Structure formats: structure tokens, C-alpha cells
Amino acid sequence: MALSLTLPTASGSLAPYALRGTAPVKPEADVKFNRIAYSAAHVVADPLAAVDPWLQAAVDWDTTIAYRRHLFSLGLGVAEAMDTAQRGMGLDWPTSLELIRRSLDAAKDVPGALVASGCGTDHLNIDDVKSVDDVIRGYEDQMAAIEALGGKLIVMASRALARVAKSPADYERVYDRILSQAKQPVVLHWLGDMFDPALAGYWGNKDTDAAMDTALAVIAAHPHKVDGIKISLLDKDKEIAMRRRLPAGVRMYTGDDFNYAELIAGDGFGSEPTHGKSDALLGIFDAIAPAASAALGALAQGNTEKFHAILGPTVPLSRHIFAAPTRFYKTGVVFMAWLNGHQKHFTMVGGQQSTRSLQHFAELFRLADAANLLEQPELAVRRMKTLLALHGVEG
């Protein structure tokens, strides 16, 4: 007999729902991917810490690092201390640096494990940032701290830079300084304002095509210092256009949580391999990690049909998790980890579990079931019923 429960509907009423999904696909062992794939990973809050959740970050380190080990076991790299980890939305710089240190230590136990870490300017008091030089010093502070740990950098988009820059030339100056000092090739990070409104007009222009020209000029000036660029604009055509213009060997890391399946599969354009496909640096890979691993394994074996059969059903779930206001997507990622038994509670750093409605969670549950992503269905139903009861829905 199918598991069932009562869920809210879009009309605000309640209706019975019977699970219909199948068991999650299991990735094949020892398959080497032909794409680089980073999962931007979430942090697990410590619900027993005596802190003010809106003001202080308390992390359950053991469970947080255990989840990184889970991602490594699936062949996925970890993009550490990024926006999925609530960077700038509850996770401060000192805690971020400790997270990076612990992740790098955990990676040493896993041959070939990839970790790239977010380097930004979020430790600065933005009201005290008056010039581009202040932004440069901020980046250099975090850059030095991460590189001292042996870490690879993801140069995150800077709210401070977006605030004080007066022209594309200011962006060029900042990135020229940072890239010229980097000890190893970095991943650049272009996050659209749907993820963070404070980043509107990044690269010195509100016109995306003009902004892209500036970003490409920065990369072209330092092609050997740039491993790739992650763009999160939720516009596949913009990503493809930029991908085709990157210098030889510079990767496009898709951050498009709406269209990742087709962007990773690629279109085979051109003679330069990196122009015809995207690698991945995605927050949704945290929530769909087993499916992502299995799909990437199928793609590496030349089975594109199986790749799409596995990954395609996850796209509606991702579009729901990343629905506007997109910056609240982290709540859905952590909710999935709780449903699937990777953490014991649904509490988030900064109290961010409150950013989505019960209707949102109900639809997320249905879509996770449809995508065959409920790893322990009985547990998922039990936990969903707990959440429903907290909102006054019994049965």
C-alpha cells in the first residue's frame, strides 16, 4: 500500500497525497565523470546552541562535514562557503573560514576530492567601504587566509564593489589585482541580482551583454589565472553565448538552476571542447546529489538518453526551489537534506527556515517524490507530517 499524507493545495485547501515515486537511482561505482561538477553545499545549524539565531551563526560541524563526505563519496566536488552555505545570509566570515578549513581537511581523506572556496569581501562593514581600494584590500584579506590553508579560490561577486564602483574600469582594476596575485587558477563568480539584489549592475553595467563584455575582457587579460567562470543568470542563452567566447581552456561552470541538464549535456559547438558544454557549480546538486552523480556517470559513458532520463525529472523541483524570491532557495535545499535523513532537524542558520510557506514545502515534497529523490520515503513522510502538524495540519 502506498504511503500517503494530507497536503495543502495551491487553492489553500487540503487533499490526500499518495507517494508514487520509485527508489532513487544509485550511481555506479568508479565512473570517472567527463565534466567537473561542484556542489555548492549547505551548512547544518546547531539547534542546541545558546545564540540569537538572527544575529549569530552556530554550526553543527560534525553533521556539516559529514554531508561533505557524502558529496565526495558520490564523486562531486564541494564549492565551499558559497551562497548555498548562507554566505551573506547568516554565515559570517570567521565561521566561513573555519568551514573552509574543515572541508579542506576532510578532502585530504578522499583521493581526488575537489574543494574550491568562496573568497569575498563580506567581512567588511559595507558602510565603511568608500573606494575600490577598500574592496581590493577586502578581497586580499580573504584570499590570503584561504590560500594559507592551501585552498583554491572562487572569487565571489562583491556587494561592496557593486556599491562603490563607478564604471567597468573599476571592476577591471579590482579583478586585475586579484588575478595577478592568485597562486593557482581561480573560478570567477557572476551572481545575478535575482540571487542577490545588491549585485544589480555587476561588472559596471545593467545591460547584461555589456557586462559580459567586461567580464570577458577581465578573463582575456588573465587566461592562465582563470580556471573558469560560474554564472548564475538563469538565462541559458546568455550562458551559451558567453561560453562560446571564453578563451581556450577556460571553463563555463553553469550556475543555472533552471536549465542545468541541457547546459551540462552541451551542444557540441566549435572545435574548442570548453565552448560546446558547461561544467557545473550548482546549489541544486546539494539537494539532488545521488541523481546528479548517476546522471553524470551515464553522460561519461556516452549514454545521453539515460543522463536526461535521470536529470530531467529533477528540473521542475529545482525551478520550484529556486523560484522568486530566488535568494531563499537555501531553505529548500536544507529541507531536502532533512527529509532525506542527512540531518536531524529543520533549523537553519539565521532562522532562514521561515522564508518559505507551507504550500511551498508541500509542492516541494510532491516534486521530490516525482523526481524519485526521496531516499527514505517512510522517514520523509513522517518528517513532512511533523512540519504539517507544526502548522496546524493533522492527518
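In case you missed it, the structure is sitting above this.
Conventions we followed
- Residues numbered from 1 in each chain as written.
- Predicted model: local features only at pLDDT ≥ 70, side-chain atom pairs only at ≥ 80, totals over all residues.
- Heavy atoms only, no water.
- Helix = DSSP H or I, 4+ residues; strand = E, 2+ residues; numbered from the N terminus.
- 1 Å grid on protein atoms, 1.4 Å probe; cavity = no way out; pocket = protein on both sides within 12 Å on 5 of 7 lines; lining within 4 Å.
- Points joined across faces, edges and corners; volume = space filled by probe spheres on them.
- Nonpolar A, V, L, I, M, F, W, Y, C, P; charged D, E, K, R; others polar.

Hey, could you run me through the environment of aspartate 257 in this one?
By the secondary structure assignment, aspartate 257 is in the loop between strand S9 (251-254) and helix H8 (260-265). Along the backbone, aspartate 257 and isoleucine 284 are 27 residues apart, and their C-alpha atoms lie at a distance of 6.4 Å.

What's the story with the layout of surface pockets in this structure? I'm lost.
Take a probe with the size of a water molecule and roll it over the atoms, and the empty space left behind shows itself. By volume, the largest pocket amounts to about 560 Å³. In terms of lining residues, the largest pocket is bounded by 33 residues, among which Val31, Lys32, Phe33, Gly75 and Leu76 are the most central. Those elements giving two or more residues to the lining of the largest pocket turn out to be helix H1 (61-73) and helix H10 (289-300). The biggest single contributor to the lining of the largest pocket is H10, with four residues. Tallied by class, the residues present in the lining of the largest pocket amount to 16 nonpolar, eight polar and nine charged. In this structure, the second largest pocket spans a volume of roughly 440 Å³. Arg87, Gly88, Asp122, Arg159 and Asp196 are the residues nearest the centre of the second largest pocket, which is lined by 24 residues in total. Of all the secondary structure elements, the ones that give two or more residues to the lining of the second largest pocket are helix H4 (159-164) and strand S7 (186-191). In terms of residue class, the lining of the second largest pocket is made up of 11 nonpolar, five polar and eight charged.

All quantities given are derived from atomic positions and should not be read as evidence of function.
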